[in-house]
Amino acid sequence: MSGAAAIVIGASAGAIQALSRILPALPAAYPIPVLVVVHIPPDRSDLLAPLFQARCRLVVKEAEDKEPILPGFVYFGPSDYHLLVEADRTMSLSADEPVLYSRPSIDVLFESAADAYGASLVGVILTGANEDGAAGLRAVAAAGGVALAEDPVAAFAPAMPSAALELCAEAQSMSLDAIAAYLVGLGTS
Amino acid sequence: MTKAGDDVEDIEIHLLLEALFRRYHYDFRHYAPASIKRRLKQARQQLGFHSFSALQDAVLHDAAMVPRLLNYLTVQVSEMFRDPGYFRAIREKVVPHLRTYPSLKVWIAGCSSGEELHSFAILFREEGLLDRTLFYATDINPGALEIAASGVYALDRIKAFTENHQMSGGKSSLSDYYTAAYGRAVFDKTLRSRVVFSDHSLVTDAVFAEAQLISCRNVLIYFDRPLQDRAVGLFRDSLVRKGFLGLGSKENLRFSGHACAFTEFVREEKIYQRREP
Ligand SMILES: C[S@@+](CC[C@H](N)C(=O)[O-])C[C@H]1O[C@@H](n2cnc3c(N)ncnc32)[C@H](O)[C@@H]1O
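Residues numbered from 1 in each chain as written. Chains lettered and ligands numbered in written order. Predicted model: local features only at pLDDT ≥ 70, side-chain atom pairs only at ≥ 80, totals over all residues. Heavy atoms only, no water.

(A) Structural view of the overall build of chain A. In terms of helices and strands, chain A carries six helices and nine strands. Against the compact-globule benchmark of 16 Å for 189 residues, chain A has a radius of gyration of 14 Å, which places it among compact chains. Classification of the 189 residues of chain A by burial places 59% in the buried group. For chain A, the exposed surface amounts to about 6,900 Å²; the carbon and sulfur share of it is 58%. Across chain A, the 9 positively charged side chains and the 21 negatively charged ones have centroids separated by 7 Å. (Helix = DSSP H or I, 4+ residues; strand = E, 2+ residues; numbered from the N terminus. Rg over C-alpha atoms; globule rule 2.2 N^0.38 Å. Buried < 20%, exposed > 50% of the residue type's maximum accessible area, 1.4 Å probe, protein only. Areas by Shrake-Rupley, 256 points an atom, 1.4 Å probe, with all protein chains shown as cover. Lys, Arg positive; Asp, Glu negative; His and termini not counted. Charge placed at Lys NZ, Arg CZ, Asp CG, Glu CD.)

Okay, structure coming up:
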């Protein structure tokens, strides 16, 4: 890949622990924006950004409709809305029906981001007990981007990374620490 | 990497939206593109076309395709008392101001199949305002407007509606307002006796009516910024001075060119008040 322009991460059951091994590892001057979708119940909205802001050196915030995507930021999709990436590298929210029972949907984020960023996107599927994200990760790889999945053997809930690895032949299976190291490395290359 | 705009699918989508506008005057050309693309892909697949160009050909030559396509391009997802905190704020903070008017006009813009309208009608009945209120319920999807005017919803949705209603500070029981039959809940038609349903587009149509309150929720997120501005301009011109505008929980006026025409009235619930002109 020619240099990553964005990173998308999807996680479900066990998300907070898994993300806690990755996001705090990114340095303050990290040059690549990170977009994260986590399945959370609609009434628990707005908890994730403050939680991770306390642990991260980057600015962590909830993604807002039509907001530009900028380096130095980690964006969390709000609960009960889908998060999409536009070709002009802004974010849109949508109230469309849930996809695979999920809103936000990891597939919706990954597919729109793959469209917008093509080969300069990195997609990461972490722990989860459903199959959301598998089609999205395949779209990332099909557009020439890098596809990673947490090693299902070590994952808190293996179903989601397993499904992703099964559907997306190009995806690499990695431990959480290896994913963190890989992402940190992308920022210095 | 394919640059946006050069991609064959993106060209086809652009042409399809242009065709829809030129032939039928439905204007989706400035909706947020990522969502439109996703929904058009579903339409292409489920309506059985191999390309967007083939879909365009069918739409141009067969008007019967239009309502079917419209059901993909517009998002009919709604709930009664969606975001109970919003309706609680309307009840506790806005209603006291509305009481001071001898007659009221309320515009529900992008009302979909009427869940939001019925929520307001029930809230206004509970607050004793319904008899002096005229509602305008508008949308661009005629099928959705028909459901709104019938007030019939699947019975399995009622549990969630009831919980929302209670959380919004409802003073009665939702079951007072519908009768259940054959898996459907039929809402009391007196809730709709002073409602004008109308096909109206925030993109292509003009100011609708003078209103004390406008509620437009989860419609603006589907528009790009300039289109959002156009719609907010319509709201500004339709509101009486000190009238109220309520938006969806992830919508706000912060970046709008018309922001200065409004003050934040209940910030967390995205309720704004029109300034004195
Ligand atoms: C997601 S629904 C929102 C329904 C309801 N307001 C709510 O929040 O539950 C969006 C609605 O906006 C309508 N809509 C889309 N474009 C519109 C336009 N240009 N003018 C008016 N309504 C529009 C759609 O047909 C759909 O019914």
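(B) Molecular detail of the packing of aromatic side chains. Residue and element names in this part refer to chain B. Evaluation of the coordinates by the stated rule reveals 15 aromatic pairs over all chains. Where Phe28 meets Tyr31, the ring centres are 4.7 Å apart and the plane angle is 55 degrees; that geometry is what we call tilted. For the pair Tyr86 and Phe120, a centre-to-centre distance of 6.5 Å together with 85 degrees between the ring planes defines the contact as edge-to-face. Pair noted here: Tyr86 is in helix H5 (residues 84–98) and Phe120 is in helix H6 (residues 115–126), with a separation of 34 residues, a long-range link. Judged by its relative accessible area of 0%, Tyr86 is buried. (Phe/Tyr/Trp six-rings, centres within 6.5 Å; stacked < 30°, edge-to-face > 60°.)

(C) Summary view of the side chain of Asp132(A). Note that Asp132(A) resides in the loop between strand S7 (121–125) and helix H4 (134–142). Among buried Asp, Glu, Lys and Arg side chains, Asp132(A) stands out as unpaired, with Arg38(B) the closest opposite charge at 9.6 Å. Of note is the side chain of Asp132(A), whose polar atom sits 2.7 Å from the side chain of His39(A). Side-chain polar atoms of Asp132(A) contact the backbone nitrogen of Ile106(A), separated by 2.7 Å. Apart from the residues lying within four places of it in its own chain, the contact partners of Asp132(A) are His39(A), Leu100(A), Ser102(A), Pro104(A), Ser105(A), Ile106(A), Asp107(A) and Met160(A). (Salt bridge = Lys/Arg side-chain N within 4 Å of Asp/Glu carboxyl O. Polar contact = N/O pair within 3.5 Å; in protein donor to acceptor, adjacent residues only side chain to side chain. Contact = heavy atoms within 4.5 Å.)

(D) The arrangement of the nonpolar core in detail. Residue and element names in this part refer to chain B. Phe28, Leu202 and Phe223 are the most contacted members of the largest nonpolar core, which has 83 residues in total. Composition of this core by domain shows at least three residues from each of domain 1 (3–73) and domain 2 (84–274). Once you skip the residues sitting within four places of it in the chain, Phe28 turns out to touch Leu17, Leu20, Ile36, Leu70, Leu73, Thr74 and Ile140. Of all hydrophobic cores here, the second largest spans 38 residues; its members include Ile108, Leu123, Phe187 and Val195. (Core = buried A, V, L, I, M, F, W, Y, C linked by side-chain atoms within 4.5 Å. Domains from an automatic or database assignment.)

(E) Unusual backbone geometry, seen in detail. All names here are of chain A. The omega torsion of the bond from Arg103 to Pro104 falls at 10 degrees, within 30 degrees of zero and hence cis. Note that Pro104 resides in the loop between strand S6 (91–94) and helix H3 (106–117). In the Ramachandran plot, Asp80 falls in the positive-phi region, its phi being about 75 degrees despite a non-glycine side chain. For Asp80, the position within the fold is in the loop between strand S4 (73–76) and strand S5 (82–85).

(F) Expanded view of the sheet that holds S7(A). Residues and elements named next belong to chain A. Read across the open sheet, the seven strands follow the order S3-S4-S2-S1-S7-S8-S9; overall the sheet is parallel. Of all the strands in the sheet, just strand S3 (59–62) and strand S9 (172–174) have a single pairing partner and so form its edges. Across the sheet, the mean angle separating the axes of adjacent strands is 20 degrees when strand polarity is ignored. Note that strand S1 (residues 6–11) and strand S2 (residues 34–38) share five bridges and pair parallel. The partner of Val8 across the bridge, within S2, is Leu35. Helix H1 (residues 15–22) rests against S1, S2, S4 and strand S8 (146–150) of the sheet, and its axis sits at about 165 degrees to S2. (Pairing = 2+ DSSP bridges. Axes fitted to C-alpha atoms, helices over the stretch in contact; angles between N-to-C directions.)

(G) Inspection of the packing of H5(B) against H6(B) at higher detail. Residue and element names in this part refer to chain B. Orientation of H5 relative to H6, taken along the N-to-C sense of each, is 50 degrees, at an axis distance of 11 Å. Accordingly, the angle class assigned to the pair H5 and H6 is oblique. Every pair of crossing elements has a handedness; the one defined by H5 and H6 is right-handed. For the pair formed by H5 and H6, the contact residues are Tyr86, Phe87, Ile90, Arg91, Val95 and Leu98 on the first element and Glu116, Ser119, Phe120, Leu123, Phe124 and Glu126 on the second. Residues belonging to the contact of H5 with H6 are distributed by class as follows: eight nonpolar, one polar and three charged. (Parallel < 35°, antiparallel > 145°, perpendicular 65-115°, else oblique. Left-handed = near helix turned anticlockwise from the far one by under 90°. Nonpolar A, V, L, I, M, F, W, Y, C, P; charged D, E, K, R; others polar.)

(H) How the structure looks around the sheet that holds strand S4 (residues 178–181) of chain B. Residues and elements named next belong to chain B. Reading across from one edge, S3-S5-S4 is the order of the three strands in this open sheet, with antiparallel pairing throughout. Sheet topology places strand S3 (152–154) and S4 at the edges, where each strand pairs with a single neighbour. Shown here is a sheet whose adjacent strand axes are inclined to one another by a mean of 25 degrees, direction ignored. Summarising the sheet, S3 and strand S5 (residues 184–187) pair through three bridges and their orientation is antiparallel. Across the sheet, residue Tyr153 finds its bridge partner in S5, namely Ala185.

(I) Looking closely at the side chain of Thr74(B). By secondary structure assignment, the location of Thr74(B) is in the loop between helix H4 (65–73) and H5. Separated by 3.0 Å, the side chains of Thr74(B) and Asn141(B) make a polar contact.

(J) Structural view of the site of the ligand. All names here are of chain B. Near the ligand there are 20 residues, and of these Tyr31, Gln76, Ser78, Glu116 and Asp139 occur at the shortest range. Gln76 places a polar side-chain atom, nitrogen or oxygen, 2.9 Å from an oxygen atom of the ligand. In the model, a nitrogen atom of the ligand is placed 3.2 Å from a nitrogen or oxygen of the Ser201 side chain. The fraction of the free accessible surface of the ligand (600 Å²) that becomes covered by protein chains is 98%. (Near = heavy atom within 4 Å.)

(K) Representation of the environment of Glu251(B). All names here are of chain B. Examined against the element boundaries, Glu251 turns out to sit in the loop between strand S8 (239–247) and strand S9 (262–266). Separated by 31 residues in sequence, Glu251 and Leu220 have C-alpha atoms that sit 7.1 Å apart. Setting aside its immediate chain neighbours within four residues, Glu251 contacts Cys216, Arg217, Asn218, Val219, Leu220, Ile221 and Lys270. Polar contacts involving the side chain of Glu251 include one to the main-chain amide nitrogen of Asn218, which spans 3.0 Å. Among the polar contacts listed, one links the side chain of Glu251 to the backbone nitrogen of Val219, at a separation of 3.2 Å.

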